[in-house]
Amino acid sequence: MPRPRGHEVLLQVHACAVCRTDLHVSEGDLAVHRPRVVPGHEVVGEVVELGPGDSNGFAVGDRVGVAWLRHTCGQCRYCLRGRENLCPQSLYTGWDVDGGYAEFTTVPAAFAYRLPAGYTDSELAPLLCAGIIGYRALLRTDLPAGGRLGIYGFGGSAHLTAQVALARGARVHVMPRGARARELALALGSSSAQGSRDMPPEPRDAAILFAPVGDLVLPALAALDRGGVLAIAGIHLTDIPSLNYQRHLFQEREIRSVTANTRADARDFLAFVAEHRVEVTTPQYPQKFLTDRIAVFGTTRTVASNVYAEEIRKRCPKVTVIQQVCSELAGAIEAGAAEAELDRLVEAGIAGVLRQAGGEPPHRAILGCTHFPLVEHLFRRHLPPATRILSQPEIVADSLEDYLARHPRYRGDPASLPRLVLLTTGDPEEASARARVFAGDAARGGWRDALSFERLGA
Ligand SMILES: [Zn+2]
Ligand SMILES: [Zn+2]
């Protein structure tokens, strides 16, 4: 349990939204600032204890928000010019200091925000980064009154920013990915929704790139009117291809990056939210979703499923492993049973897993018996569509790897990795080669050296 020190307050966390930056932190796109950090920087909580210092007027029981920016020096040239978001001494929630994916967290009182009434905790949480950063990105575009704004990508941040721009009289053109985002964009009042490389219905005074895709910088610039500004909202962007001066920049078009936000941005945005009802569209997951439910299926002829189940239990204690041994399946397949019979056995195996999990389907299913080609097909037929199925070569090469690499406990500290022996019923050479593709470089966890493969059985 963290303690509030100095000018901090202690919060009981009520809601914490997931931001793409949390993924960049977890996946190593951003340098490790604090090994095993608890991510989460869109935190809504209740003050439960004040530190010994200045609590900035907060009292026990107040509902407050915590955002990405957590500390600035207050003395450097950037801080003194009102650009504290550029402070070289700045610290960030969920990167430098433990964040909000926890029951309790602390925040310096000067960096906590009062929150508007009329919104639930889970509506407020995504406003604290997606909302604030999008707001700063919009300010960075210098969009003129009644101007035409292009928005590339239409996720959490974009759908909030679009509402601010619309409320200020802008015409908004959205380049979403996927039909649902498109529907939402139009329902909120956007003038058009089209592909990111399509010619725009009208030239734009400004655009914001929310997708972390450098390739999109070119069409976004080409779609700007004279004097237009493109703001890039993300903390991470893939490389930008080379620009053509005439097509992309001449006529005083500009590219601007967006770096975090100042506290003034955050307060302005929250004041806007207090005055204008903002629709926050969030899929909500119970907190346990953050810890996967994994079902492992096996037959009595393979012990691989036991190995996987054991490894996952040992390494990822927060993951729920539901194991089901489909004891008759292997024998039935070898005996040449009709598909209907196999179907029934698989269905019974899955029913058993669902029963163990209180009816909740697993997020992933690992099949420990896929050397029978029919098996995967049968499981796919009966598992809910949302359950991702991983067969053995895949679990070796992708999911366990992937899962463990994402798990903060195993990130950034290759020395801490125990040697992991994975058993495979496939060709160990092949499994090993596939794993290398996903293992990444040493900076991402050094899995290549930590993995070895042994063939199971003869
Ligand atoms: Zn964020
Ligand atoms: Zn500073």
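Basis of the calculations
- Within every chain, residues take consecutive numbers counted from 1 along the sequence as written.
- The order in which chains are written sets their letters, starting at A; the order in which ligands are written sets their numbers, starting at 1.
- Owing to the predicted nature of the model, reporting of local features is limited to residues with pLDDT of at least 70; listing and counting of side-chain atom pairs is limited to 80 or more, with chain, interface and lining totals taken over all residues.
- Secondary structure counts use DSSP, requiring at least four H or I residues in a row for a helix and at least two E residues in a row for a strand, with both numbered from the N terminus.
- Working definition of burial: number of other C-beta atoms within 10 Å of the residue's own, with buried at 20 or more, exposed at 12 or fewer, and partly exposed in between, all C-beta atoms being placed from the backbone.
- A residue pair is marked as a contact if its C-beta atoms, positioned from the backbone, fall within 7 Å.
- One bridge is not enough; two strands pair if DSSP finds at least two bridges between them.
- Interaxial angles span 0 to 180 degrees and are taken between N-to-C directions of axes, which are lines fitted to C-alpha atoms, for helices over the stretch in contact.
- Remark: nonpolar core denotes a set of buried Ala, Val, Leu, Ile, Met, Phe, Trp, Tyr and Cys residues whose joining runs through C-beta atoms within 7 Å.
- Throughout the structure description, domain borders are defined by an automatic or database domain assignment.
- Residue-level confidence of the predictor, termed pLDDT, takes values from 0 up to 100.

### Thoughts on the overall build of the chain
In step 1: The helix and strand tally for the chain stands at 16 helices and 19 strands.
In step 2: Within the span of the chain, comprising 458 residues, buried residues form 43% of the whole.
In step 3: In the chain, of all internal contacts separated by at least 6 residues, the share reaching a separation of at least 24 is 72%.

### Some points on the pairing of strand 2 (residues 43-50)
In step 1: Bridge analysis of strand 1 (residues 8-16) against strand 2 gives 7 bridges, and the strand direction is antiparallel. In the sheet register, Val 13 faces strand 2, and the bridge partner there is Gly 45.
In step 2: In terms of strand pairing, strand 2 meets strand 3 (residues 63-66) through 4 bridges, oriented antiparallel. The residue of strand 3 that forms the bridge with Val 44 is Gly 65.

### Things to note about unusual backbone geometry
In step 1: At Asp 142, a residue that is not glycine, the phi angle is positive and equals roughly 50°.
In step 2: Looking at where Asp 142 falls in the secondary structure, it is placed in the loop between helix 4 (130-140) and strand 8 (148-152).

### Describing the sheet that holds strand 1
In step 1: Taking strand neighbours across the sheet as the criterion, the 5 strands line up as 6-1-2-3-7 in an open arrangement whose pairing is antiparallel. Since the sheet does not close on itself, it has two edges, and those belong to strand 6 (104-108) and strand 7 (112-114), each with one partner. Along the sheet, successive strands turn relative to each other by an average axial angle of 50°, direction set aside.
In step 2: Alignment of strand 3 against strand 7, held across 3 bridges, turns out to be antiparallel. Bridged to Val 66 within strand 7 is Ala 112.

### Details of the sheet that holds strand 12 (residues 224-232)
In step 1: Strand order in the open sheet made by the 6 strands is 10-9-8-11-12-13, with parallel pairing throughout. Sheet topology places strand 10 (192-193) and strand 13 (254-257) at the edges, where each strand pairs with a single neighbour.
In step 2: Examined bridge by bridge, strand 12 and strand 13 share 4 bridges and lie parallel to one another. Residue pairing across strands places Ile 232 opposite Ser 257, the latter belonging to strand 13.

### Regarding the environment of Leu 383
In step 1: Examined against the element boundaries, Leu 383 turns out to sit in the loop between helix 13 (373-382) and strand 17 (388-390).
In step 2: In the structure, Leu 383 is positioned 33 residues away from Ile 350 in sequence and 7.1 Å away in space, judged by C-alpha atoms.
In step 3: If we ignore the near neighbours within four places in the chain, the residues touching Leu 383 are Ile 350, Ala 365 and Ile 389.

### A few points about the nonpolar core
In step 1: Ranked by internal contacts, the top residues of the largest apolar core, which has 80 residues, are Ile 151, Tyr 152, Ala 207, Ile 208, Leu 209 and Leu 230.
In step 2: Both domain 1 (8-115) and domain 2 (125-275) contribute no fewer than three residues apiece to this core.
In step 3: Aside from chain neighbours lying at most four places away, what touches Leu 230 is Ala 207, Leu 209, Val 217, Ala 220, Leu 221, Leu 224, Glu 254 and Ile 255.
In step 4: Counting 18 residues, the second-largest nonpolar core is a separate cluster that includes Val 296, Leu 342, Leu 367 and Phe 379.

### Focus: the confidence of the model for the chain
In step 1: Residues with a pLDDT of 70 or more make up 74% of the chain, whose mean pLDDT is 78.
In step 2: Low pLDDT (under 50) marks residues 392-404, which in the prediction has 40 contacts with non-local residues, meaning those over four places away or in another chain.
In step 3: Taken together, the stretch residues 406-428 has pLDDT below 50 and engages in 58 contacts with residues farther than four places along the chain or on a different chain.

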